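Below are the chains, spelled out letter by letter.
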Amino acid sequence: MKKATIQLETFTCPSCMQKIDNAVKSVEGVDKESVNVMFNSSKAKLNFDEEKTSIEKIENAITALGYEVKKSLVKDL
Amino acid sequence: MIQRFILGKKNHITLVSAVLIAIAFINKWTIGNMGIFIWSLVIASVLGVAPIVIQAYQALKVKVVSIDVLVTLAVVGAFAIKNFEESAIVTFLFLFGAYLEQRTLNKTRSAIKELTQMAPESALKQMENGEFEEVEVDEVDVGDILLVKTGAKVPVDGTVLTGEGHINEASITGESVPVSKKKDSQVYAGTILENGTIQIVADRVGEDTTFGRIIELVEEAQDSKSEAERFIDRFSKYYTPAVLVLSVIVWLFSQDIELAVIILVLGCPGALVIGVPVSNVAGIGNGARHGVLLKGSEVINDFSKVDTIVFDKTGTLTIGNPKVADTEIYTDNADEVLSYLASVENESDHPLAKAVVEHIGDTKLYTVENTDVVKGGGIVAYVDSHRVAVGNVALMEQENVPLDEKARADIARFEKTGNSLVLTSVDGQLKALMGIRDQIRPGVKADLQKLKKMGVKSLVVLSGDNQGTVDLVARELGLTEAHGHMLPEDKSAYIKGLQAKGKIVAFVGDGVNDSPSLALAQIGIAMGSGTDVAIETSDVVLMNSDFSRLPHALGLTKATANNMRQNIFIAVGVVLTLLASVFFSEWMNMSIGMLVHEASILAVILNGMRLLRYKLR
């Protein structure tokens, strides 16, 4: 398992969070329990299984919604 | 691609749609050409709704009924009844509102952003060829050797290998007086090298550095949610779809599209969902600027209701650095005695000995021979071929030093004022008596008064010192209760007792040996210059051990908790008023509904922003 911290463009509406939350959770291999989308710091934190998915796939799920991914950091758990 | 392009041009679209609406109405009032009027509004509506439709589509794709979905349907409905005036104005207001929200939200977040922007971004790292090259701070690993030049930020926590300099550690400790660093000194990420050049080896990098942890703590805090917020979140998840269903039902029964559309617009949740997080981020941001780290909205709520504050004594109410407060000399040759005393005490690292050495200052130092440390008594040694004994009364008795009436009276007087005693005898004669005590932090008394004024009923001090010393501090500071002879476990047991009586207890300690009490109290407040344990176990951290931040912290949490309540009140009030006016008034239409909706969102954001300027009067 790996831990990802994804910095996104500034959120302004709380429904953005819900969208990103649902989008990220629907990626196969992402630990649903670990997903935390933070409104004020405009970040998403989550754990994922690197054998089932990759950080690129998770980023794509977010950019497909029209949000810009500024930076992401992946660490071993 | 097209989607991204349209979303990126949202601000331009808002402007164009404003111009079109203006053209339409100017034309209506002057030339009166209905064709131009209607077509301007149609174009404004279609243009304006484009980004909203895209957002709605994206939301539905991940199974979220968002506010965009409601607005899109409302515009479709307005088109169906050919009310282009409403559709154009509603889309414009929605886009313009979003723009203003973004601008103002950025303001409320600015305080915390200032903090995170102090994080170092690059480092000069030694490469394999021995040269230093600039790299991103993420690329630095533990063990790397880094060069820090004058004026640069220290990129990681590390140890100085070579070089010297002065570092401003304000970002970690809040103290802006530069600290001298040389070989083997510890340096911290985010601090600034004001002069000199140093090479360091990286010990901790990224989020593991002290600064990284402070930032992470504050970032988590601004997004941490209280029970009430989690409730609102759950509520809004079902609220939006519920509004949709309600509007469909109204439409089916009344066949009145206009009414159904108004309900869609009015039902948009906005102020309710955004109100509490906005107060939270502004309050925590204000704290971060003033050296108070608050760990989230739950802490804010609890702290604002506190009625009992328990203090540790040493290092909290007092400086934790004992000093010589009273001196009596029983000889004409004071300089010689003080030199002997300093020479003997120089050998010891006992806190009292350090206080004595510091008090005497620069003096002639003799060679000390045959040093004998008497456990629980003091030190006996030969200085300048005299037998010198330094210690407590028991040691003097053991050395057969006679204590005359004046000396006994002085001892009694010193003890009464809470001093620890250091007696000095030379060749069996008492020469000097010193009373050493811990100093009360300057300004503490006034700060405690402020806390009382803010409604804290009892202020309690708990200490491991003897009861006499603790009573003295309590009397001097006007505390309600004082208990001495307390071990760490006694302190936590005492706090448990208070809680059993229904008190809401805050514990203030330096975090070194108070961890159980910090964790147990509803609000653990650490006076730490960023010590790790304190940061981990406490709920509130007062940076740089600054006691005067405590009243500000309490006042701020009270103001923030109030602000949250005001925002919930505004939000709920607006929704109820709007819904009531749909059914009971004539003047309500889509545009007014959207206007009020956007205005209420701005109202809660602006209300939250007031917290950024909060200052304790």
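Keep in mind the model is a prediction, meaning the values are calculated, not measured. (Residues numbered from 1 in each chain as written. Chains lettered and ligands numbered in written order. Predicted model: local features only at pLDDT ≥ 70, side-chain atom pairs only at ≥ 80, totals over all residues. Heavy atoms only, no water.)

1. With respect to the overall build of chain A
Right, so step 1: Helix and strand counts for chain A come out as 2 helices and 4 strands.
Right, so step 2: Counting from the amino terminus, helix and strand elements in chain A follow one another as β-α-β-β-α-β.
Right, so step 3: Scaling as 2.2 N^0.38, a compact globule of 77 residues should have a C-alpha radius of gyration of about 11 Å, and chain A matches this with 11 Å.
Right, so step 4: Reported as C-alpha extents along the three principal axes, the dimensions of chain A are approximately 35 × 20 × 20 Å. (Helix = DSSP H or I, 4+ residues; strand = E, 2+ residues; numbered from the N terminus. Rg over C-alpha atoms; globule rule 2.2 N^0.38 Å.)

2. So, unusual backbone geometry
Leaving glycine aside, a negative phi is the common case for residues, and trans is the common case for peptide bonds.
Residue and element names in this part refer to chain B.
Right, so step 1: Residues other than glycine seldom take positive phi values, yet S385 does so here, at roughly 55°.
Right, so step 2: By the secondary structure assignment, S385 is in the loop between β12 (378-383) and β13 (386-391).
Right, so step 3: Its relative accessible area of 68% is what places S385 among the exposed residues. (Buried < 20%, exposed > 50% of the residue type's maximum accessible area, 1.4 Å probe, protein only.)

3. Side note on the interface of chain B and chain A
Right, so step 1: On the chain A side, the residues contacting the 29 residues of chain B number 25 residues.
Right, so step 2: Summed over both partners, the interface of chain B with chain A comes to about 2,400 Å²; 49% of that surface belongs to carbon and sulfur atoms.
Right, so step 3: Of all residues in chain B, V62, R109 and D223 of chain B bury the most surface against chain A, accounting for 23% of the area lost on that side.
Right, so step 4: Where chain B packs against chain A, one counts 3 salt bridges.
Right, so step 5: Here D138 of chain B makes a salt bridge to K71 of chain A, at a shortest N to O gap of 3.9 Å.
Right, so step 6: Our enumeration of links across chain B and chain A arrives at 3 residue pairs in polar contact (both at pLDDT 80 or more).
Right, so step 7: Of all the secondary-structure elements, those providing two or more residues to the side of chain B that touches chain A are α1 (2-8), α3 (34-61), α4 (67-80), α5 (84-108), α8 (210-223) and α11 (271-289) of chain B.
Right, so step 8: Among the elements that line the side of chain B that touches chain A, the one with the most residues is α8 of chain B, at 5 residues.
Right, so step 9: In terms of residue class, the side of chain B that touches chain A is built from 10 nonpolar, 6 polar and 13 charged. (Contact = heavy atoms within 4.5 Å. Buried area = accessible area lost by both parts, 1.4 Å probe. Salt bridge = Lys/Arg side-chain N within 4 Å of Asp/Glu carboxyl O. Polar contact = N/O pair within 3.5 Å; in protein donor to acceptor, adjacent residues only side chain to side chain. Nonpolar A, V, L, I, M, F, W, Y, C, P; charged D, E, K, R; others polar.)

4. As for the confidence of the model for chain A
Right, so step 1: The share of residues in chain A with pLDDT of 70 or more is 97%, and the mean pLDDT across the chain is 85.
Right, so step 2: Least confident of the elements in chain A is helix α1 (residues 14-25) of chain A, whose mean pLDDT is 82; most confident is strand β3 (residues 43-48) of chain A, at 90. (pLDDT = per-residue confidence, 0-100.)

5. Regarding the sheet that holds strand β2 (residues 36-38) of chain A
In any sheet, the strands associate via hydrogen bonds between backbone groups, in a parallel or an antiparallel arrangement.
Residues and elements named next belong to chain A.
Right, so step 1: As summarised here, the arrangement of the 4 strands in space is β2-β3-β1-β4, forming an open sheet in which the pairing is antiparallel. Here the strands that pair on one side only, and so sit at the sheet edges, are β2 and β4 (69-76). Recorded for the sheet is a direction-independent mean angle of 15° between the axes of neighbouring strands.
Right, so step 2: Helix α2 (residues 55-63) rests against β1 (2-8), β3 and β4 of the sheet, and its axis sits at about 150° to β4. (Pairing = 2+ DSSP bridges. Axes fitted to C-alpha atoms, helices over the stretch in contact; angles between N-to-C directions.)

6. A closer look at helix α14 (residues 334-345) of chain B
Since the α-helix packs 3.6 residues into each turn, any two residues three or four apart lie on the same face.
Right, so step 1: Compared with an ideal rise of 1.5 Å per residue, which puts 12 residues at 16 Å, α14 of chain B spans 16 Å between its outermost C-alpha atoms and is within 8% of the ideal.
Right, so step 2: Taken residue by residue, α14 of chain B has V337, S339, Y340, L341, A342, S343, V344 and E345 of chain B as its buried positions. (Expected span 1.5 Å × (residues − 1).)

7. Examining the packing of aromatic side chains
How two aromatic rings sit relative to each other is given by the distance of their centres and the angle of their planes.
All names here are of chain B.
Right, so step 1: According to the stated counting rule, one finds 7 aromatic pairs over all chains in the structure shown.
Right, so step 2: Aromatic side chains F79 and F84 sit 5.1 Å apart centroid to centroid with 80° between the ring planes, which places their arrangement in the edge-to-face category.
Right, so step 3: Judged by its relative accessible area of 15%, F84 is buried.
Right, so step 4: The structure contains a cluster of three or more aromatic residues connected by ring pairs, namely F25, W29 and F37. (Phe/Tyr/Trp six-rings, centres within 6.5 Å; stacked < 30°, edge-to-face > 60°.)

8. Brief notes about the pairing of strand β18 (residues 505-509) of chain B
All names here are of chain B.
Right, so step 1: Judged by how many residues are buried, β18 sits mostly within the fold: 5 of 5 residues are covered.
Right, so step 2: Judged by which residues are buried, β18 turns out to be covered on both faces: V505, F507 and G509 on one side and A506 and V508 on the other are all buried.
Right, so step 3: Two strands pair when backbone bridges link them, and strand β9 (residues 308-312) and β18 are joined in this way by 4 bridges, in the parallel orientation. The residue bridging I309 from the neighbouring strand is A506, located in β18.
Right, so step 4: One ladder, built from 4 bridges, connects β18 with strand β19 (residues 523-527); its direction is parallel. Bridge assignment links A506 to a residue of β19, and that residue is I523.

9. Examining the domain arrangement of chain B
Right, so step 1: Once the domains are mapped, chain B shows domain 1 (2-110), domain 2 (122-214), domain 3 (292-320 + 441-545) and domain 4 (323-437).
Right, so step 2: Each of domain 3 of chain B and domain 4 of chain B has a C-alpha centre, and the two are 35 Å apart. (Domains from an automatic or database assignment.)

10. What to know about the sheet that holds strand β14 (residues 420-426) of chain B
Residue and element names in this part refer to chain B.
Right, so step 1: Spatially, β10-β15-β14-β13-β12-β11 is the arrangement adopted by the 6 strands of the open sheet, whose pairing is antiparallel. This sheet does not close on itself; its edge strands, each paired only once, are β10 (323-329) and β11 (368-374). Along the sheet, successive strands turn relative to each other by an average axial angle of 15°, direction set aside.
Right, so step 2: Examined bridge by bridge, β12 and β13 share 6 bridges and lie antiparallel to one another. Along β13, the bridge assignment pairs A381 with V388.

11. Regarding the environment of G296 of chain B
Residues and elements named next belong to chain B.
Right, so step 1: For G296, the location among the structural elements is in the loop between β8 (292-294) and α12 (297-304).
Right, so step 2: Between the C-alpha atom of G296 and that of D539, which follows or precedes it by 243 residues, the distance is 8.3 Å.
Right, so step 3: Beyond its immediate sequence surroundings of up to four residues, G296 is in contact with A221, S224, N280 and I284.

12. Overview of α2 of chain A
Right, so step 1: Along α2 of chain A, the positions that sit buried rather than exposed are I55, I58, A61 and I62 of chain A. Buried residues of α2 of chain A, viewed axially, fall in a sector of 120°; they line one side. (Arc of directions from axis to C-beta.)

13. Focus: the pairing of strand β15 (residues 429-437) of chain B
All names here are of chain B.
Right, so step 1: Both β10 and β15 contribute to a ladder of 6 bridges, which runs antiparallel. By the bridge assignment, I329 is partnered in β15 with A432.
Right, so step 2: Bridge analysis of β14 against β15 gives 7 bridges, and the strand direction is antiparallel. Along β15, the bridge assignment pairs L423 with L433.

14. Topic: the environment of I568 of chain B
All names here are of chain B.
Right, so step 1: In this structure, I568 sits in helix α23 (residues 549-584).
Right, so step 2: Overall, the relative accessible area of 30% leaves I568 in the partly exposed class.
Right, so step 3: When the C-alpha atoms of I568 and K354 are compared, they prove to be 57 Å apart, with 214 residues separating the residues in sequence.

15. Remarks on the nonpolar core
Residues and elements named next belong to chain B.
Right, so step 1: Grouped together as the largest cluster of nonpolar side chains are 89 residues, with contacts concentrated most on F311 and L451.
Right, so step 2: Here this core gets 7 residues from one element, more than from any other, and that element is α11.
Right, so step 3: Look past the residues within four positions of L451 in its chain and what remains in contact with it is I309, F311, V456, L459, L550, P551 and L554.
Right, so step 4: Membership of the second largest hydrophobic core comes to 35 residues, among which are I21, L41, L70 and V71. (Core = buried A, V, L, I, M, F, W, Y, C linked by side-chain atoms within 4.5 Å.)

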